[in-house]
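Spelled out from the first residue to the last, the chains are:
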Amino acid sequence: METIIKEIVDAEKKAEERIEKAKEEAKVIINRAKEDAKKIEEEILKEAQEKANSLIEAKRSEGEQEAKKISEEGEKELEEIRIKATQNFEQAIEEAIKLIRGR
């Protein structure tokens, strides 16, 4: 009977040791999973930041091109206004001379 009790106690100890070992292995697995998840998260964030930077750069470039286009159109309009103003001024002088001569 003592032998049976001893075997039961030994079996219980072995079972407890297995349980503790399983708990430790589970902790290791969980820690590895957390580390892997963190690495994946960092990679995703890095990729998202790179895409965002790329998009920002593309939009900045588009904005610069649009600003240049608007500036060129503005310069063209300004030149046309200068030409018309000069023509109007010259015509006004001619009319003034005609009035003076006519007197």
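Our structure is the block above this text.
### Points about the overall build of the protein chain
Alright, step 1. The helix and strand inventory of the protein chain stands at one helix and zero strands.
Alright, step 2. Taking 2.2 N^0.38 as the reference for a compact globule, 103 residues should give roughly 13 Å; the C-alpha atoms of the protein chain span a radius of gyration of 44 Å, well beyond that estimate.
Alright, step 3. Considered along the principal axes of its C-alpha atoms, the protein chain spans approximately 150 × 15 × 10 Å.
Alright, step 4. In the protein chain, buried positions account for 0% of the 103 residues.
Alright, step 5. For the protein chain, the exposed surface amounts to about 10,100 Å²; the carbon and sulfur share of it is 56%.
Alright, step 6. In the protein chain, 23 side chains carry a positive charge and 29 a negative one; their mean positions are 2 Å apart.

### Some words on the pattern of salt bridges
Alright, step 1. A full pass over the atoms with the stated rule returns eight salt bridges.
Alright, step 2. Here Arg60 and Glu64 are joined by a salt bridge, their closest N and O atoms 2.2 Å apart. Highlighted residues: Arg60 and Glu64, both in helix H1 (residues 2-102), separated by four residues, approximately one helical turn.
Alright, step 3. Arg60 sits in the partly exposed class, given a relative accessible area of 39%.

### Looking at a negative patch on the surface
Alright, step 1. There is a patch of like negative charges on the surface, built from Glu66, Glu72, Glu73, Glu77 and Glu80.
Alright, step 2. You can see Glu72 is positioned in helix H1.
Alright, step 3. Given the relative accessible area of 48%, Glu72 is considered partly exposed.

### Quick look at the environment of Thr3
Alright, step 1. Within the secondary structure, Thr3 sits in helix H1.
Alright, step 2. With relative accessibility at 53%, the residue Thr3 sits in the exposed group.
Alright, step 3. A C-alpha to C-alpha distance of 135 Å links Thr3 and Glu95, two positions 92 residues apart in sequence.

Cut-off values and rules
Residues numbered from 1 in each chain as written. Predicted model: local features only at pLDDT ≥ 70, side-chain atom pairs only at ≥ 80, totals over all residues. Heavy atoms only, no water. Helix = DSSP H or I, 4+ residues; strand = E, 2+ residues; numbered from the N terminus. Rg over C-alpha atoms; globule rule 2.2 N^0.38 Å. Buried < 20%, exposed > 50% of the residue type's maximum accessible area, 1.4 Å probe, protein only. Areas by Shrake-Rupley, 256 points an atom, 1.4 Å probe, with all protein chains shown as cover. Lys, Arg positive; Asp, Glu negative; His and termini not counted. Charge placed at Lys NZ, Arg CZ, Asp CG, Glu CD. Salt bridge = Lys/Arg side-chain N within 4 Å of Asp/Glu carboxyl O. Patch = residues over 30% accessible without salt bridge, like charges linked within 9 Å, V, L, I, M, F, W, Y side chains within 5 Å.

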